[in-house]
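# Fold and contact review
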Amino acid sequence: MAGRINDEDVKAVRDAVPIDAVVSEYLQLRNAGGGNLKGLCPFHDEKSPSFQVSPSKGLFHCFGCQEGGDTLTFVMKVDHLTFSEAVERLAGKAGITLRYEEGGYNPSHQRGERIRLIEAHKAATDFYIAQLESAEAEIGRKFLAERGFDQAAAAHFGVGYSPAGWDHLTRFLRGKGFTDKELILSGLSQDGRRGPIDRFRGRLMWPIRDIGGEVVGFGARKLRDDDNGPKYLNTPETPVYKKSQVLYGIDLAKKDIAKASRAVVVEGYTDVMACHLAGVTTAIATCGTAFGGDHIKILRRLLMDNGSARVIFTFDGDAAGQKAALRAFEDDQKFAAETYIAIAPDGMDPCDLRLAKGDEAVADLVQPRTPLFEFALRQIVARYDLETPAGRAAALDEAAPVVARIKNTGAQHEVAVQLAGMLGILDTQFVVKRVAQLARWARERGSKGPAPQRGAAPQGPAPAARQGHAGPALNLRNPVYATERELLKLALQHPDLVSPAFDAYGVDEFTAAPYAAVRQAILDAGGAEYGTQDPQDYLVRVRDAAPDDGVRAMVTELAVEAIMRRTVDAAYAGEQLVTVRLRAVDRRVRDVQGTFARLAGSHGDPEQLSAVQNELWVLQQYGRALRERGAAAL
C-alpha cells in the first residue's frame, strides 16, 4: 500500500508552485481585473473565456462548467492524475523532497502509474540522446546533417538514436528499477519470444512532449534499407500518449503562439525543426494522425481565439497534401481564428525549402496569404468543367454547402460572392441566396434540440443554480441573495475586512441553501478569523470542510469571482455585514410578531406572552440601531 504524503509537504508544494505558472503551461491567461486572470477553459469547449485564476488565493474556477479548485486540483483534472501523483509532479518542479508516512518510501511501488511512465520516458530520452554520439549512430548524424541540422539543433530538440540491438533500452531501464510491466505499458518495449524487447531499434528518435513539457512518446525515423518497418514509427496509444491530443513542438512553441496569436501547422518533425531554426517559433506538427478537433482545442486555448488570431497550415502540394488541407478545412469553423494555407513553390516542405533557399524563404512561406476556405473552394471548383452550365451547376451544388458552414454571416456573404466569381456565374445574388438558404436549413435542423448556453463569467450575482449542482434550483441572481453572496465573497477573499463580526453570524442568516452550506464550511474551517492568519491555507481548509463537490465548487467560485465594488474597504464590508444581519433581524421580527399574535389571540400563558413581547422589543431596537448606526451596531 502506498504511503501517505506528509501534510506539511503537501502544503509546501501548494505554496511553492504558483497556480498561474502551472495553468499557463496549458492555456493563455490574460488580465481579468481585480488581480485575477482569465482564459479559455481546458475542461469544456467554449468560445469566450469563462475560466478564471486567482494567483493570490491559489485557486481557479470556471463559471461555464463549474470546475474549480487549487493548483493540485487543476493538475489532477487536466492530466487525469491521482492526488498523490499531482503532489509528486509539482514537488518535482519545485525541487521538494516528499516524506511518506505509514512505512518507508519505495519509488518503484508507491509512485503513481503516470508518474512512473513519465519517468521512464525521461530516462529513455537521456539514453537515446547519449546513443546519438555512438559510432553506430553515424547514419543518424548524417541524416540530420543532410537536412541542415547540426549538433546544436539536435540537442535543442532532444533528438536521439535507438541502437539496432534487440533490448538495449529495455536492459537500461530495468537497471533503473522499471518493471517489465511498466516498460510494456509505456510503449517503450514490446513483448518478444523471451520477454520484453525494444520497440524502437536502429532509428532516429524525436521525443514528443505534452504541453507541460513532459516526454510522453517518441517518433522514430527509419534509416536503413533493411528495416522493414514503416518510414515513421510512433509510440502506440498508452495511458500517457494519445496521438490525437499531442502536437509535436507545442512545448517549445506555446509561449510564442500565445504572444503572437499565431500558429503554424506543418507536417513532420523535421519541418518543425526547420521552421524554428528559421525563426518561425510558432510551428507545431501532428504525430502520425490528421489535424483534428482535439488539436484545435489545444491551439484555441493558447490563441485565446480572438479575432486577430491566425492559423497557417503548410501542406505538400501533392494530392495527399491537398487532401490534408481539405480535411483541415472541415474543422475550420471550430476556430474563431482566421485560417490560411501555405504551399511552397515546387511543392517543397519547410525542411526542403530551408535547404534550397534559406531561412528567409521559410519565414516568407508562412506569411498568411491564401485563406483556407478559398483554397478548399478552388480544389472543389477545379474538378468541374466550368465552360458548361451543367458543370457550373454541379460545382455550385458541391461548393455552396461548404460556404454555408461559415458561421459569421458577413464573412459567409463575402465568400458567396467570391464563389460566384470562381464559377463564372454573373448573377451573384443567386449564389448568395442559395448559400443563405442552405445555412438557414442547417440552423433549423440544428435547433430541434435546445442548445447549451455558453458565455463569459457572470458580472454581478451568480447565475441560477445549474442542473447537477448541489442544493435546490434557486435563482441566485435574486437581489435577496446578492448581498449574502457578496458577504461570502468578502469572507473568503478579504477575511480581515469582515472578521471578527462575520464569525458571529449564524448559518440560518444565509437564506440560499448553497450559501448556508458555504457559511458552515467557513465555520468548520476555523472561521474568517483563521483566514487573517494564513489566507492561502484558509481557503484550502474551507474547501476541505465542504460536504460535497457542489459546495466545494461554490467555495471556489466565490473565492475567485470579482467583488462588485471597485474599491473594497472596511466601509463596503460593513455595508454587506449590516444588510445581511438586518434582513435576518427583520425575518425574526416577523416570526416573533406571528407568535405574539397567536398567543394573544388564544389567551396563552402570560409569562410566555411577556417573554415574546420582550424579545420583539429587543429585536426592534437592534434593527433600529443597525439602520441608524450601521456596522458600529453589530
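Remember, predicted model here, so these are calculated numbers, not experimental data.

## Some words on empty space enclosed by the protein
If a probe the size of a water molecule is rolled over the atoms, the empty space left behind becomes visible. A full pass over the atoms with the stated rule returns 4 cavities of 30 Å³ or more. By volume, the second largest cavity amounts to about 50 Å³. Lining the second largest cavity are 12 residues, and of these Thr314, Phe315, Met348, Asp349 and Pro350 sit closest to its centre. For the lining of the second largest cavity, the residue count by class is 7 nonpolar, 1 polar and 4 charged.

## Thoughts on the nonpolar core
In this structure, Phe51, Phe74, Ile250, Ile257 and Leu299 are the most contacted members of the largest nonpolar core, which totals 50 residues. The leading source of residues in this core is helix 13 (residues 293-303), at 5 residues. Ranked by size, the runner-up nonpolar core spans 44 residues in total, among them Leu117, Leu132, Ala344 and Ala361.

## Focus: the sheet that holds strand 12 (residues 215-222)
Strand order in the open sheet formed by 4 strands is 8-11-12-13, and the pairing between neighbours is antiparallel. Lying at the two open borders of the sheet, with one neighbouring strand each, are strand 8 (160-162) and strand 13 (232-234). On average, adjacent strands in this sheet sit at an angle of 35° to one another, irrespective of strand direction. Across 7 bridges, the pairing between strand 11 (residues 203-209) and strand 12 is antiparallel. If you follow arginine 209 over to strand 12, its bridge partner there is valine 215. Relative to strand 12, helix 6 (residues 113-131) is tilted by about 35°, and along the sheet it contacts strand 8, strand 11 and strand 12. Of the strands in this sheet, strand 11, strand 12 and strand 13 touch helix 12 (residues 269-277), which is tilted by about 70° from strand 11.

## Some details on the sheet that holds strand 4 (residues 51-54)
Read from one edge to the other, the open sheet built from 5 strands follows the order 2-3-4-5-6, with strand pairing classed as antiparallel. Among the strands making up the open sheet, the edge pair consists of strand 2 (30-33) and strand 6 (68-70). On average, each strand axis in the sheet is inclined to that of its neighbour by 25°, with strand direction left out of account. Relative to strand 3 (residues 36-39), strand 2 runs antiparallel, the two sharing 3 bridges. In the sheet register, arginine 30 faces strand 3, and the bridge partner there is lysine 38.

## Points about the environment of tyrosine 232
The residue tyrosine 232 is located in strand 13 in this model. For tyrosine 232, a relative accessible area of 32% puts it in the partly exposed group. Ignoring any residue separated from it by four or fewer positions in sequence, one finds tyrosine 232 in contact with Arg203, Trp206, Ala220, Arg221 and Tyr269.

## Some thoughts on helix 27 (residues 570-601)
The first and last C-alpha atoms of helix 27 sit 46 Å apart over 32 residues, in line with the 46 Å expected at 1.5 Å per residue. In the stretch just after helix 27, histidine 603 is the one whose phi turns positive, near 50°.

## Some words on the packing of aromatic side chains
Tallied over the full model, the rule gives 18 aromatic pairs. Where phenylalanine 60 meets phenylalanine 74, the ring centres are 5.5 Å apart and the plane angle is 80°; that geometry is what we call edge-to-face. Within this pair, whereas phenylalanine 60 is found in strand 5 (residues 59-62), its partner phenylalanine 74 is found in helix 3 (residues 71-79), the two being separated by 14 residues in sequence. Of the residues examined, phenylalanine 60 reaches a relative accessible area of 0% and is grouped as buried. Given the relative accessible area of 0%, phenylalanine 74 is considered buried.

## What about the packing of helix 23 (residues 513-524) against helix 25 (residues 535-545)?
Orientation of helix 23 relative to helix 25, taken along the N-to-C sense of each, is 120°, at an axis distance of 8 Å. It follows that helix 23 is oblique to helix 25 by the angle criterion. Seen along the crossing, helix 23 lies across helix 25 with a hand that is right-handed. Where helix 23 abuts helix 25, its residues Ala521, Ile522 and Asp524 lie against Tyr538, Val542 and Ala545. When grouped by side-chain class, the residues that make up the contact of helix 23 with helix 25 number 5 nonpolar, no polar and 1 charged.

## A short note on helix 13
Burial of helix 13 is extensive: 8 of the 11 residues sit out of reach of the surface. Within the sequence span of helix 13, burial applies to His295, Ile296, Ile298, Leu299, Arg300, Arg301, Leu302 and Leu303. Against strand 2, helix 11 (250-260), strand 14 (262-266), strand 15 (283-285) and strand 16 (310-314) lie the buried residues of helix 13.

## What to know about the pattern of salt bridges
For the structure on display, the rule yields 35 salt bridges. For the salt bridge of glutamate 67 with lysine 77, the shortest nitrogen-to-oxygen distance reads 3.0 Å. In this pair, glutamate 67 sits in the loop between strand 5 and strand 6 while lysine 77 sits in helix 3, placing the two residues 10 residues apart along the sequence. In this structure, arginine 565 and glutamate 575 form a salt bridge, with 3.6 Å as the shortest nitrogen-oxygen distance. Pair noted here: arginine 565 is in the loop between helix 26 (549-560) and helix 27 and glutamate 575 is in helix 27, with a separation of 10 residues, a long-range link. Shared partners join several salt bridges into a network, and the residues in it are Arg485, Glu486, Lys489, Glu557 and Glu561.

## Quick word on the pairing of strand 3
Consecutive side chains of a regular strand alternate in pointing toward one face of the sheet and then the other. Connecting the antiparallel pair strand 2 and strand 3 is a turn made up of 2 residues, with glycine 34 showing a positive phi of about 65°. Pairing of strand 3 with strand 4 involves 3 bridges; the strand directions are antiparallel. Each bridged residue has a counterpart across the sheet, and for leucine 37 the counterpart in strand 4 is valine 53.

## Some thoughts on the environment of glycine 192
For glycine 192, the location among the structural elements is in strand 9 (residues 189-192). Separated by 26 residues in the primary sequence, glycine 192 and tryptophan 166 place their C-alpha atoms 9.2 Å from one another.

How each quantity is defined
Residues numbered from 1 in each chain as written. Predicted model: local features only at pLDDT ≥ 70, side-chain atom pairs only at ≥ 80, totals over all residues. Heavy atoms only, no water. 1 Å grid on protein atoms, 1.4 Å probe; cavity = no way out; pocket = protein on both sides within 12 Å on 5 of 7 lines; lining within 4 Å. Points joined across faces, edges and corners; volume = space filled by probe spheres on them. Nonpolar A, V, L, I, M, F, W, Y, C, P; charged D, E, K, R; others polar. Core = buried A, V, L, I, M, F, W, Y, C linked by side-chain atoms within 4.5 Å. Buried < 20%, exposed > 50% of the residue type's maximum accessible area, 1.4 Å probe, protein only. Helix = DSSP H or I, 4+ residues; strand = E, 2+ residues; numbered from the N terminus. Pairing = 2+ DSSP bridges. Axes fitted to C-alpha atoms, helices over the stretch in contact; angles between N-to-C directions. Contact = heavy atoms within 4.5 Å. Expected span 1.5 Å × (residues − 1). Phe/Tyr/Trp six-rings, centres within 6.5 Å; stacked < 30°, edge-to-face > 60°. Parallel < 35°, antiparallel > 145°, perpendicular 65-115°, else oblique. Left-handed = near helix turned anticlockwise from the far one by under 90°. Salt bridge = Lys/Arg side-chain N within 4 Å of Asp/Glu carboxyl O.

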